[in-house]
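A closer look at the structure
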Amino acid sequence: MSASGGTKAIVAALAANLAIAVAKFVAFLFSGSSSMLAESVHSLADSGNQGLLLLGGKKAQREATPQHPFGYGRERYIYAFLVSIVLFSVGGMFAVYEGYEKIKHPHAIEAWYWPVGVLVFAIIAESFSFRTAIRESNETRGSLSWTQFVRRAKAPELPVVLLEDLGALIGLVLALAGVGLALGTGNGVWDGIGTLCIGILLIVIAIVLAAETKSLLLGEAAGTDQVDKIKAAVVDGHTVTGVIHMRTLHLGPEELLVAAKIAVQHDDTAAEVANAINAAESRIREAVPIARVIYLEPDIYNAAAAAAGVNPAKALGGTPDGTPGATPAGPTADGTPGDAPDTPADPTESGH
């Protein structure tokens, strides 16, 4: 996993959660607070989640094989999706069950100073972890809002850590409120209510993470700015005169596949076209370094069709005399798909 994958933020979150989980569990043993038990399980689940993210980053670095020719970059998406499942089941559902049981069978909190002290310590520790995640995210977030960053980030680790840390801080405040109200009123039901709220919060965060990582698993295109850079890099104004259509796909957070049909002149020689394609590939990699797998297919630029008013970059199948060719929009005579212009809604938006 590269530095952009947020390794520092993951390690910081792992260290904080392990320490907090032990402290919370000790506080539960002395106080009997269900909020503390739910929070200790929450921190333990978060620790496991950070371990999964580190494992996914390690597995993603494996070299491509004949069976997996595009490599293992999507391992990071798979493990991020597993994080959402663990957060939902181990964290959220357990807290909901524990909160329900405590509301149904409330009991007073003993040794109140244990849960209160541990919760204050946990809030401080989680704040440091959250600050590290924010600092790491700001290096790649650019001008995006936090919502846009979570939705559009191709590296799943930082959004996962951000949402986990945010959920942990809110959960700690809920736990502190539940314990405080239980102590102030002498009614242990408030402790159960706090636990139930923590469970609902974790389930909501898990659903958001699952939705975002599912989109990454299905395969997302490059961001709009990257698509614009690639299109500008392809055209040299001499041999390559335009982009007929193009598709991009993230093979992993830091590896992009580019497939495009490019327009060339009908009188260009094969050697000229081959040299132009090689030069275009070099320009693409220079403009967008993560574009590592590139396939460019040349096609004849039709000046007559362009003069007729269609988009010059989408004019297909010209003949040597400039008259429109017979390239069909549907299947060709040999059964292969024909060339058709892109629809106006080219799916290059990178939101999940």
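Everything below is about the structure shown above.
Not measured: the values here are computed from a predicted model. (Residues numbered from 1 in each chain as written. Predicted model: local features only at pLDDT ≥ 70, side-chain atom pairs only at ≥ 80, totals over all residues. Heavy atoms only, no water.)

It is worth spelling out the nonpolar core at this point. The biggest cluster of nonpolar side chains holds 42 residues, and the ones touching the most others in it are Leu53, Leu87, Leu119, Val160, Val161, Ile205 and Leu209. Among the secondary structure elements, those contributing two or more residues to this core are helix 1 (7-31), helix 2 (34-59), helix 3 (75-104), helix 4 (113-141), helix 5 (146-152), helix 6 (157-185) and helix 7 (189-218). Top contributing element to this core by residue count: helix 6, with ten residues. Core analysis: the second largest hydrophobic core is formed by 23 residues, Ala222, Ile230, Val234 and Val243 among them. (Core = buried A, V, L, I, M, F, W, Y, C linked by side-chain atoms within 4.5 Å. Buried < 20%, exposed > 50% of the residue type's maximum accessible area, 1.4 Å probe, protein only. Helix = DSSP H or I, 4+ residues; strand = E, 2+ residues; numbered from the N terminus.)

Before going further, it helps to spend a moment on the packing of aromatic side chains. Per the counting criterion, the structure on display carries four aromatic pairs. Plain terms: the ring middles of phenylalanine 25 and phenylalanine 28 are 5.9 Å apart, the flat faces sit at 40° to each other, and that makes the pair tilted. Placement of the pair is phenylalanine 25 and phenylalanine 28 together in helix 1, with a separation of three residues, close to one helical turn. Here the aromatic rings of tryptophan 112 and tyrosine 113 are separated by 6.0 Å at their centres, their planes lie at 75°, and the arrangement is edge-to-face. Its end group placed over the ring of tyrosine 72, arginine 62 keeps NZ or CZ at 3.9 Å from the ring centre. Lying over the aromatic face of tryptophan 146, arginine 141 brings its terminal NZ or CZ to 4.0 Å of the ring centre. (Phe/Tyr/Trp six-rings, centres within 6.5 Å; stacked < 30°, edge-to-face > 60°. Lys NZ or Arg CZ within 6 Å of the ring centre and 35° of its normal.)

The next point concerns the environment of glutamate 281. With respect to the helices, strands and loops of the structure, glutamate 281 is situated in helix 9 (residues 270-287). Through-space distance from the C-alpha of glutamate 281 to that of valine 234 is 7.3 Å; in sequence the pair is 47 residues apart. In this structure glutamate 281 touches Ile294 and Leu296, once residues within four positions along its chain are discounted. (Contact = heavy atoms within 4.5 Å.)

The next point concerns the sheet that holds strand 1 (residues 240-252). The three strands lie next to each other as 1-2-3, forming an open sheet whose pairing is mixed. Across the chains shown, the open sheet's two edge strands, defined by having one partner strand only, are strand 1 and strand 3 (291-300). Ignoring strand direction, the axes of neighbouring strands in this sheet form an average angle of 15°. Two strands pair when backbone bridges link them, and strand 2 (residues 255-264) and strand 3 are joined in this way by nine bridges, in the parallel orientation. Among the inter-strand pairings, leucine 256 is bridged to a residue of strand 3, identified as alanine 291. (Pairing = 2+ DSSP bridges. Axes fitted to C-alpha atoms, helices over the stretch in contact; angles between N-to-C directions.)

So, about the pairing of strand 2. With respect to burial, strand 2 is a largely interior element, nine of its ten residues being buried. Sheet topology note: the strand 1/strand 2 ladder contains ten bridges and is antiparallel. Each residue of the ladder has a partner; that of histidine 245, found in strand 2, is lysine 261. Taking the residues that link successive antiparallel strands as the turn, the strand 1-strand 2 hairpin has two residues. Taken together, strand 2, helix 9 and strand 3 form a β-α-β motif whose crossover is right-handed. (Right-handed = clockwise from strand over helix to strand, strands pointing away.)

What follows covers the packing of helix 2 against helix 7. With their axes 8 Å apart at the nearest point, helix 2 and helix 7 run at an angle of 25° to one another. Comparing the axis directions of helix 2 and helix 7 gives the class roughly parallel. Every residue of helix 7 that contacts helix 2 at Ser34, Ser35, Ala38, Glu39 and His42 is listed here: Asp191, Gly192, Gly194, Thr195, Ile198 and Leu202. Grouping the constituent residues of the contact of helix 2 with helix 7 by class yields three nonpolar, six polar and two charged. (Parallel < 35°, antiparallel > 145°, perpendicular 65-115°, else oblique. Nonpolar A, V, L, I, M, F, W, Y, C, P; charged D, E, K, R; others polar.)

According to the stated counting rule, one finds one cavity of 30 Å³ or more in the structure shown. In this structure, the largest cavity encloses a volume near 70 Å³. As for the largest cavity, its lining consists of eleven residues, and the residues nearest its centre are Val150, Pro156, Pro159, Glu212 and Thr213. Those elements that provide at least two residues to the lining of the largest cavity are helix 6 and helix 7. Among the elements that take part in the lining of the largest cavity, helix 7 stands out by supplying four residues, more than any other. When its residues are assigned to classes, the lining of the largest cavity shows eight nonpolar, two polar and one charged. (1 Å grid on protein atoms, 1.4 Å probe; cavity = no way out; pocket = protein on both sides within 12 Å on 5 of 7 lines; lining within 4 Å. Points joined across faces, edges and corners; volume = space filled by probe spheres on them.)

The subject of this paragraph is the pattern of salt bridges. What the rule picks out here adds up to eight salt bridges. Each of Arg76, Glu157 and Glu254 takes part in a single network of salt bridges with overlapping partners. (Salt bridge = Lys/Arg side-chain N within 4 Å of Asp/Glu carboxyl O.)

Together, Phe25, Leu29, Phe30, Trp112, Tyr113, Trp114 and Leu183 give the surface a local cluster of nonpolar side chains, amounting to about 740 Å² of exposed area. Listed by contribution, the elements that provide at least two residues to the nonpolar patch are helix 1 and helix 4. Among the elements that take part in the nonpolar patch, helix 1 stands out by supplying three residues, more than any other. Along the chain, tryptophan 112 falls in the loop between helix 3 and helix 4. The exposure class assigned to tryptophan 112 is partly exposed, which follows from its relative accessible area of 47%. (Patch = residues over 30% accessible without salt bridge, like charges linked within 9 Å, V, L, I, M, F, W, Y side chains within 5 Å. Areas by Shrake-Rupley, 256 points an atom, 1.4 Å probe, with all protein chains shown as cover.)

Assignment of secondary structure puts aspartate 191 in helix 7. According to the relative accessible area criterion, aspartate 191 is buried, its value standing at 0%. Polar side-chain contacts of aspartate 191 include one of 3.2 Å to the side chain of serine 33. Separated by 2.8 Å, the side chains of aspartate 191 and lysine 102 make a polar contact. (Polar contact = N/O pair within 3.5 Å; in protein donor to acceptor, adjacent residues only side chain to side chain.)

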